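Tertiary structure, described
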Amino acid sequence: MKLAIAALLAGSAAAFAPAQQAASTSALNAGKDDLVAIAEKANPIVKFYDPLNLADADFWGQGNEATIGFLRQSEIKHGRIAMFAFVGYIVQSNVVFPWSQTLAGAPHPSPDLSPEAQWDAVPLGAKWQIFAVISMLELWDECGGGGQRAHYMRGGQPGKYPSFAPFRDAVHPVLDLYDPFGFNKNMSEETKERRLVAELNNGRAAMIGIFGFLCADTVPGSVPALSGIATPYSGDPMVPFEGQFSYFS
């Protein structure tokens, strides 16, 4: 009955001139101001909450504005991953693909197993394929899709995954991850802003949700609301290659 349960976020002599310094300070303030504005829209009750003062930090000496871009990209990306994980957990708890998982004809792990145990049952080679695809998608994003857009720590828009158009034109046909058929190309700015806020909230909720499932399965009684549906799991969900591969064995 699990089906019934359904990141923030140059060096030149002229930089020391008063006019340039004022412009730089204004840009930094604008970065944090954006965080405050988004936070108030996402949760009008809590509003901007930053107990660790991350919005004022300077990661790796890249500057505060770059740090805010990194944090926003991280939250958006991990929120999306959590949404995939949350939905995937529910689906895997109830159904599996009817076709074979391997060329040898082995079926997909049974839904009688918990999603964590299903992952453990996936062959090592299949896991490496999954991680290879994830790595390529990550590389394409970090490279701005072959230079299509600026990096999110260099003024690019956090969370905006680049199109596969250069790859599609030069190498092989492939659909874009977002809006592959162009249905939203004429979307208004107001709608985009509203959907961004909704995505942030859904991602935050999904991060809580998927970790709720993992905790309920690995630590009995830790999530009372899920005690009746949790499937005990004795492994470690934070070790994706447990029993199959280790750098330390």
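Below: a short report on this structure. (Residues numbered from 1 in each chain as written. Predicted model: local features only at pLDDT ≥ 70, side-chain atom pairs only at ≥ 80, totals over all residues. Heavy atoms only, no water.)

Looking at a nonpolar patch on the surface
On the surface, W128, I130, F131, I134 and F245 cluster together into a nonpolar patch covering about 430 Å² of accessible area. Within the element layout of this structure, I130 appears in helix α4 (residues 124–142). Look at I130 and you get partly exposed, because its relative accessible area is 37%. (Patch = residues over 30% accessible without salt bridge, like charges linked within 9 Å, V, L, I, M, F, W, Y side chains within 5 Å. Areas by Shrake-Rupley, 256 points an atom, 1.4 Å probe, with all protein chains shown as cover. Salt bridge = Lys/Arg side-chain N within 4 Å of Asp/Glu carboxyl O. Helix = DSSP H or I, 4+ residues; strand = E, 2+ residues; numbered from the N terminus. Buried < 20%, exposed > 50% of the residue type's maximum accessible area, 1.4 Å probe, protein only.)

Notes on the pattern of salt bridges
Considering all chains together, one arrives at 8 salt bridges under this definition. The closest approach of N and O atoms between E193 and K41, which form a salt bridge, is 1.9 Å. With a gap of 152 residues between them, E193 in helix α7 (residues 189–218) and K41 in helix α1 (residues 18–42) connect regions that are remote in the sequence. The partly exposed category is assigned to E193, whose relative accessible area is 38%. Assessed through its relative accessible area of 45%, K41 is described here as partly exposed. Taking the shortest distance from any N to any O, the salt bridge between E199 and R80 comes out at 2.6 Å. In this pair, E199 is assigned in helix α7 and R80 in helix α2 (residues 64–92), connecting sequence segments 119 residues apart. For E199, a relative accessible area of 23% translates into the label partly exposed.

What to know about unusual backbone geometry
With a phi close to 60 degrees, K47 is a non-glycine residue in the positive phi region. Of note, K47 is situated in the loop between α1 and α2. Look at W60: it is not a glycine, yet its phi comes out positive at around 55 degrees. In this fold, W60 is placed in the loop between α1 and α2. In this structure W60 comes out as exposed when scored by relative accessible area, which is 58%.

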